[in-house]
Amino acid sequence: MTAVAQVGTFAVRPLDPVGDAPLLHRWVTHPKASFWMMQEARLHDVEREYMAIAASEHHDAYLGLLDGEPVFLMERYDPRYVELVGLYEPEPGDVGMHFLVAPSDTPVHGFTRAVITAVMENLFADPATRRVVVEPDVSNKAVHALNEAVGFVPEREIRKPEKQALLSFCTREQFERAVAA
């Protein structure tokens, strides 16, 4: 669990691909989730996607909670086998990450930054994690700013089948310096 001033206490739990699918469906099809690329997904598409992740030994999905209420989705993956195969040379301790904040009618200033900070703390809680790898769409300027705020350094653009992405890395030390600033 992670306590964040003015926000509350975050926790994560493994995602239930069937039980959580209706909630996730609302999130991933919301206009604010356009970079998630599931705008046209039906409920069974979401179930199928997260059942595949649950069955994978190299990809995990978690539901993020704030004071017990679901507020974000977090995915952790091994870039040697998922998402980035052949697109860069993975190093020992590399962990890939995706996160999605639930849409809200009443945004809270600093909330998304608090979420990404909690996600990074969760990933670095594993001593084997040396570096977090992300590959957001090059046009997603908002997430680039958030990534930079928690210590990510862009390396280069890469072409993925579904998008042009900005490959970026954050070591444990970069993260600790960024959040201490």
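Being a predicted model, the structure only gives us computed values, none of them experimental.

Bringing the overall build of the protein chain into the picture now. Helix and strand counts for the protein chain stand at five helices and eight strands. In the protein chain, the succession of helices and strands from N to C terminus is β-β-α-α-β-β-β-α-β-α-β-β-α. Against the compact-globule benchmark of 16 Å for 181 residues, the protein chain has a radius of gyration of 15 Å, which places it among compact chains. Referenced to the eigenvectors of the C-alpha coordinate spread, the extents of the protein chain come out at roughly 40 × 35 × 30 Å. Per-residue burial over the protein chain gives 47% buried out of 181 residues. Here the contacts in the protein chain between residues at least 6 apart in sequence split such that 59% fall between residues at least 24 apart. Taking the average place of the 17 positive charges on the side chains of the protein chain and the average place of its 27 negative ones, the gap between the two points comes to 3 Å.

Among the nonpolar cores identified, the biggest contains 28 residues, and Phe10, Met97, Phe99 and Met120 are the most heavily contacted of them. Residues Ala21, Trp27, Val28 and Val46 belong to the second largest nonpolar core, which totals 19 residues.

The subject of this paragraph is the pattern of salt bridges. Under the definition given, this model contains twelve salt bridges. Between Arg76 and Asp126 there is a salt bridge, with its nearest N and O atoms 3.1 Å apart. In this pair, Arg76 sits in strand E4 (residues 69-77) while Asp126 sits in the loop between helix H3 (111-124) and strand E6 (131-134), placing the two residues 50 residues apart along the sequence.

In this section: the confidence of the model for the protein chain. As a general rule, the predicted coordinates of low-pLDDT regions are not to be interpreted in detail. Residues at a pLDDT of 70 or more form 97% of the protein chain, whose mean pLDDT is 92. When the elements of the protein chain are averaged for pLDDT, strand E1 (residues 2-4) gives the smallest value, 46, and E6 the largest, 98. Low pLDDT, under 50, characterises residues 1-5; the predicted model gives this stretch twelve contacts beyond four residues in sequence or across chains.

So, how was this worked out
- Residues numbered from 1 in each chain as written.
- Predicted model: local features only at pLDDT ≥ 70, side-chain atom pairs only at ≥ 80, totals over all residues.
- Heavy atoms only, no water.
- Helix = DSSP H or I, 4+ residues; strand = E, 2+ residues; numbered from the N terminus.
- Rg over C-alpha atoms; globule rule 2.2 N^0.38 Å.
- Buried < 20%, exposed > 50% of the residue type's maximum accessible area, 1.4 Å probe, protein only.
- Contact = heavy atoms within 4.5 Å.
- Lys, Arg positive; Asp, Glu negative; His and termini not counted.
- Charge placed at Lys NZ, Arg CZ, Asp CG, Glu CD.
- Core = buried A, V, L, I, M, F, W, Y, C linked by side-chain atoms within 4.5 Å.
- Salt bridge = Lys/Arg side-chain N within 4 Å of Asp/Glu carboxyl O.
- pLDDT = per-residue confidence, 0-100.

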